[in-house]
2 protein chains.
Amino acid sequence: MKARIAIDQVRPRTPNAEHPAKAVVGEPVRVSADIFRDGHDILAARLRWRPAGDAADWTEIAMHELTNDAWEAKLTPAVIGLHHFVVEAWTDAFATWRRKVTLKLEAGEPIEVDLEEGALLLLARADLAPAGKAGKAVKEELGAAAEALRQPCGMMDTRGASPPSTSHTIAARLELAMSEQVGRLMAGPAGAVDLTAGPVMGLWVDRPLAGCGAWYELFPRSEGGLVGTIERLSAVAGMGFDVVYLPPVHPIGRTARKGADNSLLAGPDDPGSPWAIGAAEGGHEALNPELGTLDDFAALVRRAGELGMEVALDYALQCSPDHPWVFQHPEWFIRRPDGSVAYAENPPKRYQDIVALDLWGTGEGSRMDAWQACLDVALVWVARGVSVLRVDNPHTKPFPFWEWLITRVHAEHPEVIFLAEAFTRPKVMAKLAEIGFSQSYTYFTWRNTAAELTDYGTELTQGPVADYMRPSFWPNTPDILSGALRGGPIATFKARLVLAATLSPCYGIYSGYELGENEPASEDNEEYAHSEKYEIKHRDWSAPGSLAPYITRINSIRRRHPALRILRNLTFAASNNPAIIAYSRHTDDRSDVVLVVVNLDPHTPQEATLSLGLGALGLPWALAYEAADELSGSVFSWIGPNPFVRLDPVVEPAHILHLRSGP
Amino acid sequence: MKARIAIDQVRPRTPNAEHPAKAVVGEPVRVSADIFRDGHDILAARLRWRPAGDAADWTEIAMHELTNDAWEAKLTPAVIGLHHFVVEAWTDAFATWRRKVTLKLEAGEPIEVDLEEGALLLLARADLAPAGKAGKAVKEELGAAAEALRQPCGMMDTRGASPPSTSHTIAARLELAMSEQVGRLMAGPAGAVDLTAGPVMGLWVDRPLAGCGAWYELFPRSEGGLVGTIERLSAVAGMGFDVVYLPPVHPIGRTARKGADNSLLAGPDDPGSPWAIGAAEGGHEALNPELGTLDDFAALVRRAGELGMEVALDYALQCSPDHPWVFQHPEWFIRRPDGSVAYAENPPKRYQDIVALDLWGTGEGSRMDAWQACLDVALVWVARGVSVLRVDNPHTKPFPFWEWLITRVHAEHPEVIFLAEAFTRPKVMAKLAEIGFSQSYTYFTWRNTAAELTDYGTELTQGPVADYMRPSFWPNTPDILSGALRGGPIATFKARLVLAATLSPCYGIYSGYELGENEPASEDNEEYAHSEKYEIKHRDWSAPGSLAPYITRINSIRRRHPALRILRNLTFAASNNPAIIAYSRHTDDRSDVVLVVVNLDPHTPQEATLSLGLGALGLPWALAYEAADELSGSVFSWIGPNPFVRLDPVVEPAHILHLRSGP
């Protein structure tokens with residue numbers, strides 16, 4: 001190292017700081033670093049940040065020291081796009097001098113030479129004051145403080161009638177130098193010989209929807225196509241969703257089309273899987289004519305916007321054997337020795353209705369042409385009003401491709417949000433987030449016990465990945481009906497909904513959840529029976545017992561409570577009953593504190609005594625505080641950190657409690 | 001990222017991989033990395049390493065996959081000095097093909113096209129075989145395997161009398177391609193289009209003494225100077241120590257010399273603190289004439305060598321006001337406005353007998369000239385036979401200075417060991433290790449309870465610092481008499497000795513420990529009463545109750561057990577009594593397993609039931625195993641993971657148990 005001051009472990013960061021960390025507009029970002037040097041001198045540090053490519057000055061914020069050489073400051077980005085930040089530190093000679101003089105005075109040691117050292121520091125800084133009126137005033141103030149330090153003993157004390165004591169005299173000589181005003185003038189790195197800058201760090205700033213949003217997935221063909229979907233939008237918006245997400249809307253291949261329940265033989269009326277993209281009617285840029293027209297699609301996007309929602313589209317880079325690209329660009333696909341195009345397989349699983357693009361081809365022009373075609377698809381749909389892309393299976397395409405594609409899209413459209421559907425190994429999932437994905441599907445679906453949820457929730461909100469990976473919690477998807485939801489009672493559907501919606505600012509459900517659809521494809525198959533992927537569903541949305549009102553309440557609570565809309569500040573509370581999980585969320589300033597309590601047992605009433613960290617939540621230890629249940633409307637008055645809770649799942653498996661100091 | 005394959009988190013490493021990690025000659029180093037790519041193809045990886053600057057080929061070792069995309073391999077360095085290593089990975093197309101074919105066969109799917117794909121892979125590799133006889137044999141073997149895959153159905157099966165079944169035929173066609181021999185020929189990255197190299201990492205390799213050693217600190221003047229010290233060496237070696245460490249042996253200043261018990265007024269016979277270096281007789285390169293001559297010093301070094309020990313010298317970069325440098329190089333010191341040289345202070349503490357070198361001076365020539373002078377001092381003593389330097393207060397000198405100095409010394413003398421005496425904040429301590437110090441004093445002195453020792457021991461042996469920081473555990477130093485040792489009984493001295501000697505491969509004691517010297521300077525002063533820093537001590541080494549025989553036994557046990565000489569593989573065992581701490585150490589191959597049990601209560605017999613991870617220690621769960629106490633000679637026969645232990649501290653506060661499977 002060349003610098004005397006070490007600036008290490010700057011956060012937020014991706015693992016090797018090769019890619020930007022993530023933030024959203026308007027939400028404070030805690031920047032921290034380890035800052036230290038040899039010896040005992042006092043350091044000062046600041047955070048400088050600005051949008052990338054902005055010629056404007058850096059915004060500067062003083063950092064403050066926590067414990068153990070860790071420093072922090074907060075920045076709040078105002079615009080989307082790439083930002084840079086840098087931590088700078090220097091030795092604060094004047095603060096060091098002040099401390100030394102104070103300690104020596106307390107110890108009764110002589111400080112005459114120290115006073116002269118202080119005068120020299122003040123005068124050196126005065127010399128750096130700029131020309132002009134303001135600079136002249138600074139020069140004068142610092143000069144006066146220096147002059148006072150140099151007064152001979154006793155000369156300054158003309159206030160008292162009695163002969164001045166030496167200590168009183170020294171206090172008078174020190175008064176200006178120790179004043180707040182002089183402290184302010186002496187702050188900052190001017191004249192510091194060891195001003196040191198840490199690495200320049202990247203921070204990608206998204207719009208708020210990337211950080212928080214409730215999603216609803218539906219198949220337009222089950223709603224009667226795009227026109228029918230437009231009609232359904234008001235109900236979806238009424239439930240409080242922010243995003244309505246559509247599986248692929250493109251023409252579906254006929255070759256090897258799958259029939260009901262994933263059978264290999266499709267009947268003439270079977271609609272096929274929307275993920276088998278491409279047919280004579282067109283490929284990824286086309287709309288399936290069975291769903292409607294591009295005008296209908298435009299109307300859908302417009303109507304969603306009127307209702308305060310956005311349309312998310314599936315971005316699934318795979319083709320049916322009938323996709324135009326298969327014929328126009330055979331070099332983008334892997335050919336087998338018998339001349340056939342390789343279909344997707346993960347033995348013993350086979351996807352005969354899908355052939356995989358080869359995005360790492362080595363033939364002439366094949367790689368970059370294919371990449372460009374994929375980019376064009378994304379840009380076409382962005383031009384049609386889609387700013388949220390749910391990316392199908394990104395873990396089966398090369399990382400460098402995604403980095404390239406997301407960078408290109410963001411260069412023109414920084415507002416686009418990419419959700420990675422990578423149900424794969426943890427390091428692959430984290431890497432996709434690192435290289436640019438805005439949000440990530442998670443293992444939430446398979447985390448059921450209190451211990452599993454606690455470990456996973458802590459990892460996602462406190463671990464290194466929290467700097468760049470935004471989890472999205474889905475109780476179900478068209479592919480996944482898992483755990484206690486399989487054949488499960490409505491209490492489980494409520495509990496899993498509350499968990500998803502309050503453990504993660506981003507969450508979503510796949511339609512049918514509100515009706516408690518719970519029939520698995522088979523004992524060892526995680527999919528649904530009569531999967532909507534292969535057939536059209538007709539649902540009765542007005543069926544009694546629908547969870548729609550419950551969902552509406554949950555989403556309304558999320559909108560009222562900023563504590564539920566930020567990823568950080570999730571704290572699990574100890575519970576003496578593993579069937580009861582409890583956790584709090586709070587805003588940085590503790591103006592909003594929410595405690596969620598869920599009975600994970602859908603059949604039996606359970607009770608528990610909790611242990612809350614009241615101090616950390618800004619709540620009183622000895623006085624009463626209020627726990628207002630946003631679900632039931634009940635208000636409890638609690639005293640102390642160990643409230644007792646009881647939840648009968650048949651009535652209501654959860655509390656979502658707004659905690660506040662008593663009246 | 002540009003590569004398809006991610007190679008992340010390569011270890012061992014320093015935090016930003018800017019400096020080398022550490023290893024010692026002959027001790028296996030576990031190299032690990034996260035390696036993964038998109039999709040489901042099988043990867044292969046290898047570790048390549050070599051001494052830096054060596055024109056010889058890299059040594060290559062296959063890495064194997066653990067869980068969760070983590071891979072590892074071990075290298076064992078043979079020479080000291082800087083090494084480089086790099087992790088490489090590639091897609092193993094042939095292994096991927098083998099797996100696909102196997103799964104398809106099991107699922108009863110057609111594989112005719114797959115067999116042709118295998119033949120093409122074999123022939124492509126055959127084309128890469130080198131010219132010459134060996135290459136020709138490879139070509140033929142791979143060609144034969146390809147040809148077999150291409151045999152028409154049924155043609156190969158001539159063994160049975162009954163008509164061949166198709167599956168039997170396919171098995172015959174696959175036999176060569178699936179053979180071990182062909183697997184070996186197809187291994188390696190030849191022809192891989194995605195061979196990817198991780199970052200080139202540095203590894204500093206020290207001689208074994210840097211990784212493991214028992215130190216004994218003594219003041220030569222209390223032994224009657226160097227000649228007396230030479231006489232004492234055989235007793236020190238007899239106790240089993242590897243290093244005898246001497247406080248500074250240079251002339252001691254007279255100005256502001258400290259008297260007994262750190263008093264400001266020295267009497268005419270007070271010898272002064274050896275750390276107030278420099279007088280009319282000379283500075284850091286001179287020997288205090290009161291101790292003897294340079295010939296005596298050479299004899300001391302020689303005698304230590306004959307006894308299998310090394311002499312460590314204090315490298316204390318500070319000067320008495322009488323040091324020749326103060327007059328020859330006033331620009332190396334900070335002058336105060338009154339013209340005086342600033343003495344060392346950390347208000348309210350003052351060190352009037354010491355002035356601090358300014359190693360960050362900005363005056364002309366002052367910085368690099370001072371650095372060079374410090375380097376010269378180190379090299380002079382190295383030339384006099386000292387290869388171990390205990391560095392006083394390195395945290396009060398700039399990090400870049402140490403990096404420069406250690407690099408320069410190591411360039412000519414890679415065998416030199418630097419021990420950092422930085423009793424300071426954890427991040428500063430870790431930084432000194434990161435930039436080059438071979439060993440580090442620790443907080444062991446202030447870690448007393450089982451919980452404290454468990455946390456600290458785990459951090460030092462399993463945490464990120466274990467890659468580059470080697471702890472040295474000292475129960476006492478001339479500056480520090482702390483915790484239960486203050487006024488403590490001999491049982492505490494035994495317990496702390498066992499803990500230091502078995503928790504860390506590097507440990508040391510300051511002489512007088514064996515006599516149980518326990519009188520603190522005062523209630524709130526961590527130093528000794530009648531500190532040897534300011535006066536000459538006369539000790540009776542033959543006093544009854546001396547711990548010398550006990551120390552001898554401990555050091556002998558350390559020498560017999562390789563498990564106690566490596567930093568890794570420390571495992572704390574659960575104990576149901578916080579007064580009893582237990583931990584095991586084992587070699588990588590479990591050929592040596594040692595369990596240490598210590599009663600931390602020096603007054604009362606304590607008992608506990610332990611929980612041992614028998615499987616991880618390579619011990620049987622159901623059969624008896626032996627626990628042979630190396631301290632008492634007792635041998636216990638235990639069954640199961642929960643042995644019962646009882647220790648009466650008045651008799652013996654510890655077990656050091658050699659665990660081995662029963663006869």
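Residues numbered from 1 in each chain as written. Chains lettered and ligands numbered in written order. Predicted model: local features only at pLDDT ≥ 70, side-chain atom pairs only at ≥ 80, totals over all residues. Heavy atoms only, no water.

In terms of helices and strands, chain A carries 15 helices and 31 strands. Overall, the C-alpha framework of chain A stretches about 110 × 65 × 45 Å when taken along its three principal axes. Looking at chain A as a whole, 56% of its 663 residues are labelled buried. Restricting to contacts in chain A with at least 6 residues of sequence separation, those with at least 24 account for 74%. (Helix = DSSP H or I, 4+ residues; strand = E, 2+ residues; numbered from the N terminus. Buried < 20%, exposed > 50% of the residue type's maximum accessible area, 1.4 Å probe, protein only. Contact = heavy atoms within 4.5 Å.)

This part takes up unusual backbone geometry. Omega for the peptide link from Arg 11 of chain A to Pro 12 of chain A comes to 5 degrees, which places this bond in the cis form. Within the fold, Pro 12 of chain A resides in the loop between strand 1 (6–11) and strand 2 (21–24). Positive phi outside glycine occurs at Asn 68 of chain A, with the angle close to 55 degrees. For Asn 68 of chain A, the location among the structural elements is in the loop between strand 6 (64–65) and strand 7 (70–75). Non-glycine residue Asp 261 of chain B carries a positive phi angle of around 55 degrees. Note on placement: Asp 261 of chain B falls in the loop between strand 12 (243–246) and helix 8 (294–306).

The partner chain B presents 53 residues to the 53 residues of chain A that form the contact. Where chain A touches chain B, the interface holds 14 salt bridges. We note a salt bridge from Asp 69 of chain B to Arg 425 of chain A, for which the minimum N-O separation is 2.8 Å. Linking chain A with chain B are 16 residue pairs in polar contact (both at pLDDT 80 or more). Those elements that place two or more of their residues in the side of chain A that touches chain B are strand 1, strand 3 (29–36), helix 1 (93–106), helix 2 (112–127), strand 15 (343–346), helix 11 (399–412) and helix 12 (426–434) of chain A. Residue contributions to the side of chain A that touches chain B peak at five residues, all from helix 2 of chain A. Taken together, the residues that form the side of chain A that touches chain B break down as 21 nonpolar, nine polar and 23 charged. (Salt bridge = Lys/Arg side-chain N within 4 Å of Asp/Glu carboxyl O. Polar contact = N/O pair within 3.5 Å; in protein donor to acceptor, adjacent residues only side chain to side chain. Nonpolar A, V, L, I, M, F, W, Y, C, P; charged D, E, K, R; others polar.)

Residues and elements named next belong to chain A. Per-residue confidence for chain A gives a mean pLDDT of 95; residues scoring 70 or more make up 97%. Low pLDDT, under 50, characterises residues 155–164; the predicted model gives this stretch 10 contacts beyond four residues in sequence or across chains. Among the scores for the predicted complex, ipTM is 0.94 and pTM is 0.94. (pLDDT = per-residue confidence, 0-100.)

Residues and elements named next belong to chain A. With 18 residues, helix 10 (residues 366–383) extends 26 Å from end C-alpha to end C-alpha; this agrees with the ideal 26 Å at 1.5 Å per step. Three or more residues of helix 10 are buried, namely Ser 366, Ala 370, Trp 371, Ala 373, Cys 374, Leu 375, Val 377, Ala 378, Trp 381 and Val 382. Residues of helix 10 that are buried sit in contact with helix 8 (294–306), strand 13 (310–315), helix 9 (324–328), strand 17 (388–392) and helix 11. (Expected span 1.5 Å × (residues − 1).)

Along the chain, the position of Arg 207 of chain A falls in the loop between strand 10 (201–206) and helix 6 (208–211). In this structure, Arg 207 of chain A is in contact with Val 24, Ile 80, Glu 310, Ser 387, Val 388, Glu 415 and Ile 417 of chain A, ignoring residues within four places of it in sequence.

Time to look at the relation of the copies chain A and chain B. With an RMSD of 0.1 Å, chain A superimposes on chain B once it is rotated by 180 degrees and translated 0.0 Å along the axis. Such a combination of rotation and displacement between the chain copies is what one expects of a two-fold axis. Across chain A, the smallest distance between a C-alpha and the rotation axis is recorded for Asn 16 of chain A, namely 4.1 Å. When the interface residues of chain A are mapped onto chain B, 100% of them again lie at the interface, so the same face is used by both copies. (Least-squares fit on C-alpha atoms with pLDDT ≥ 70 in both.)

Across all of its chains, the model carries 58 aromatic pairs over all chains by this definition. For the pair Phe 297 of chain A and Trp 381 of chain A, a centre-to-centre distance of 5.1 Å together with 75 degrees between the ring planes defines the contact as edge-to-face. Placement of Phe 297 of chain A in helix 8 and of Trp 381 of chain A in helix 10 is noted, with a sequence separation of 84 residues between them. Taken individually, Phe 297 of chain A and Trp 381 of chain A each receive the classification buried, so the pair is uniform in this respect. Taking the centre distance of 6.3 Å and the plane angle of 85 degrees together, the rings of Phe 418 of chain B and Phe 437 of chain B count as edge-to-face. Note that Phe 418 of chain B is positioned in strand 18 (residues 417–421) and Phe 437 of chain B in the loop between helix 12 (426–435) and strand 19 (439–441), a separation of 19 residues in sequence. Using a relative accessible area of 0% as the deciding quantity, one classes Phe 418 of chain B as buried. Judged by relative accessible area, Phe 437 of chain B falls into the buried class, the value being 0%. The rings of Tyr 315, Trp 360, Trp 371, Phe 401, Trp 402, Trp 404, Phe 418 and Phe 437 of chain A are connected pair by pair, giving a single aromatic cluster. In this arrangement the basic side chain of Arg 367 of chain B is found over the ring face of Trp 360 of chain B, its NZ or CZ atom lying 3.9 Å from the centre. (Phe/Tyr/Trp six-rings, centres within 6.5 Å; stacked < 30°, edge-to-face > 60°. Lys NZ or Arg CZ within 6 Å of the ring centre and 35° of its normal.)

Moving on: the packing of helix 2 of chain A against helix 3 (residues 133–149) of chain A. Residue and element names in this part refer to chain A. Across the interface, helix 2 lies against helix 3 with an axial gap of 8 Å and an inter-helix angle of 165 degrees. Taken together, the axes of helix 2 and helix 3 are roughly antiparallel relative to one another. Handedness of the crossing formed by helix 2 with helix 3: left-handed. Side by side, helix 2 and helix 3 meet where Leu 115, Gly 118, Ala 119, Leu 122, Leu 123, Arg 125, Ala 126 and Asp 127 of the first sit next to Lys 139, Leu 142, Gly 143, Ala 145, Ala 146 and Leu 149 of the second. A class-by-class count of the residues in the contact of helix 2 with helix 3 yields nine nonpolar, two polar and three charged. (Axes fitted to C-alpha atoms, helices over the stretch in contact; angles between N-to-C directions. Parallel < 35°, antiparallel > 145°, perpendicular 65-115°, else oblique. Left-handed = near helix turned anticlockwise from the far one by under 90°.)

Of note, Trp 58 of chain A is situated in the loop between strand 4 (43–51) and strand 5 (59–62). If sequence neighbours within four positions are ignored, Trp 58 of chain A has contacts with Arg 48, Trp 49, Arg 50, His 84, Phe 85 and Val 86 of chain A.

Residues and elements named next belong to chain B. Under the defined criterion, the tally for this structure stands at 90 salt bridges over all chains. One salt bridge connects Glu 116 with Arg 150, and the closest N-O pair in it is separated by 2.8 Å. Of this pair, Glu 116 sits in helix 2 (residues 112–127) while Arg 150 is found in the loop between helix 3 (133–149) and helix 4 (166–175), placing the two residues 34 residues apart along the sequence. A salt bridge links Glu 310 to Arg 207; the shortest N-O distance between them is 2.5 Å. Within this pair, whereas Glu 310 is found in strand 13 (residues 310–315), its partner Arg 207 is found in the loop between strand 10 (201–206) and helix 6 (208–211), the two being separated by 103 residues in sequence. For Arg 207, a relative accessible area of 16% puts it in the buried group.

In this section: helix 12 of chain B. Taken across its 10 residues, helix 12 of chain B has eight buried, putting it largely inside the fold. Within helix 12 of chain B the residues assigned to the buried category are Val 428, Met 429, Ala 430, Lys 431, Leu 432, Ala 433, Glu 434 and Ile 435 of chain B.

So, on to the sheet that holds strand 7 of chain A. With antiparallel pairing, the four strands of this open sheet are ordered in space as 1-3-7-6 (chain A). Looking along the sheet, the strands with just one partner apiece sit at the ends: strand 1 and strand 6 of chain A. In the sheet, strand 1 of chain A pairs with strand 3 of chain A via four bridges, with the strands oriented antiparallel. Each residue of the ladder has a partner; that of Arg 11 of chain A, found in strand 3 of chain A, is Ser 32 of chain A. Along the sheet face, helix 12 of chain B touches strand 1, strand 3 and strand 7 of chain A and points at about 65 degrees away from the line of strand 3 of chain A. (Pairing = 2+ DSSP bridges.)

This part is about the sheet that holds strand 14 (residues 318–319) of chain A. As a general point, the strands of a sheet are linked pairwise by backbone hydrogen bonds and lie either parallel or antiparallel. Residues and elements named next belong to chain A. One open sheet holds the three strands; their spatial order is 14-16-15, and the pairing between them is antiparallel. In this open sheet, the two strands that pair with only one neighbour each are strand 14 and strand 15. Where strand 14 meets strand 16 (residues 349–356), two bridges bridge the pair, whose relative direction is antiparallel. From the neighbouring strand, Cys 319 faces strand 16, where its bridge partner is Val 355.

This part covers the environment of Met 186 of chain B. Residue and element names in this part refer to chain B. Its place among the elements puts Met 186 in helix 5 (residues 180–186). Judged by its relative accessible area of 5%, Met 186 falls in the buried class. Measuring from C-alpha to C-alpha, the distance between Met 186 and Ala 93 comes to 9.3 Å, with 93 residues separating the pair along the chain.

The next thing to look at is the side chain of Ser 531 of chain B. Note that Ser 531 of chain B resides in the loop between strand 23 (525–528) and helix 15 (548–560). Aside from chain neighbours lying at most four places away, what touches Ser 531 of chain B is Asp 261 and Pro 478 of chain B.

Here we come to the environment of Leu 246 of chain B. Residue and element names in this part refer to chain B. Mapped onto the secondary structure, Leu 246 falls in strand 12. Put simply, Leu 246 and Leu 389 are 143 residues apart on the chain and 9.8 Å apart in space, counted from C-alpha to C-alpha. Setting aside residues up to four positions removed in sequence, Leu 246 forms contacts with Leu 218, Pro 220, Phe 297, Leu 300, Val 311, Ala 312, Leu 313 and Asp 314.

For the rest of this paragraph, the subject is the packing of helix 10 (residues 366–383) of chain B against helix 11 (residues 399–412) of chain B. To describe two helices that pack against each other, one gives the angle between their axes and the distance between the axes. Residues and elements named next belong to chain B. The geometry of helix 10 relative to helix 11 is characterised by a closest axis approach of 10 Å and an angle of 40 degrees between their N-to-C directions. One way to sum up the angle between helix 10 and helix 11 is to call them oblique. For the pair helix 10 and helix 11, the sense of crossing is right-handed. Side by side, helix 10 and helix 11 meet where Met 368, Trp 371, Gln 372, Cys 374, Leu 375, Ala 378 and Leu 379 of the first sit next to Pro 400, Phe 401, Trp 404, Leu 405, Arg 408, Val 409 and Glu 412 of the second. Taken together, the residues that form the contact of helix 10 with helix 11 break down as 11 nonpolar, one polar and two charged.

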